[in-house]
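Per-entry structural report
The residues making up each chain are set out below.
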Amino acid sequence: MVFVELERVQGDYGFRAKDAAGHTLQTDTSPENGGADFGLRPMQTLLMALGGCSGIDIVAILKKQRQQIENFTMKINGEREVDKIPSLWKTVHVDFYLSGDIDTDKATKACSLSIEKYCSVAETLRRAGAAVTWQVHVNEKR
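Residues numbered from 1 in each chain as written. Predicted model: local features only at pLDDT ≥ 70, side-chain atom pairs only at ≥ 80, totals over all residues. Heavy atoms only, no water.

**With respect to the pattern of salt bridges**
Applying the stated criterion across every chain yields a total of five salt bridges. Residues R126 and E123 are paired through a salt bridge, measuring 3.0 Å at the closest nitrogen-oxygen approach. Of this pair, R126 and E123 both sit in helix α3 (residues 120–127), three residues apart, which is roughly one turn of that helix. Look at E123 and you get partly exposed, because its relative accessible area is 29%. R127 is paired through a salt bridge with E123; the nearest N and O atoms lie 3.0 Å apart. Here E123 and R127 lie together in helix α3, a separation of four residues that amounts to about one turn. In the salt-bridge network here, residues are joined through shared partners; they are E123, R126 and R127. (Salt bridge = Lys/Arg side-chain N within 4 Å of Asp/Glu carboxyl O. Helix = DSSP H or I, 4+ residues; strand = E, 2+ residues; numbered from the N terminus. Buried < 20%, exposed > 50% of the residue type's maximum accessible area, 1.4 Å probe, protein only.)

Listed below in structure tokens is the structure:
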């Protein structure tokens, strides 16, 4: 079983979340919604969780294939439903930027396996109705 604890610590909406190991994350709502910009928006953390979950998968897969990752960055964009409560993610797009001694086909396959098969966060988003898309960039200048 997973355990997390949240405590309101800043203004009306600023919470600090803590897991059983003591790792923390701060959340808040936007100033226009009464927040104090104390931390991340909860829906942003879901996109970050997607990146973290998928990133772990991809690195593990590429390490098994003896690919040498020098740098790995993700940019994640999402669009939420308009005028709906709750307002879920409608579309989410991930750009994976990898550099190093990496075969592009292996990187593409690793990203596909993560997003389409292994990443629990991606599957959670899809089950909630989001279209999750992605693109791989290997050793490209940005």
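So that's the structure; there's more coming.
**Brief notes about helix α2 (residues 104–118)**
Counted at 1.5 Å a residue, the expected span for α2 with its 15 residues is 21 Å, and the 20 Å between its end C-alpha atoms agrees. Every buried residue of α2 is listed here: A107, A110, C111, S114 and I115. Down the axis of α2, the smallest arc covering the buried residues is 115°, so these residues share one side. Opposite the buried face of α2, by more than 90 degrees, sit the exposed residues D105 and K117. The residue sitting at the N-terminus of α2 and contributing the capping side-chain oxygen is D103; that oxygen lies 3.0 Å from the backbone nitrogen of D105. (Expected span 1.5 Å × (residues − 1). Arc of directions from axis to C-beta. Polar contact = N/O pair within 3.5 Å; in protein donor to acceptor, adjacent residues only side chain to side chain.)

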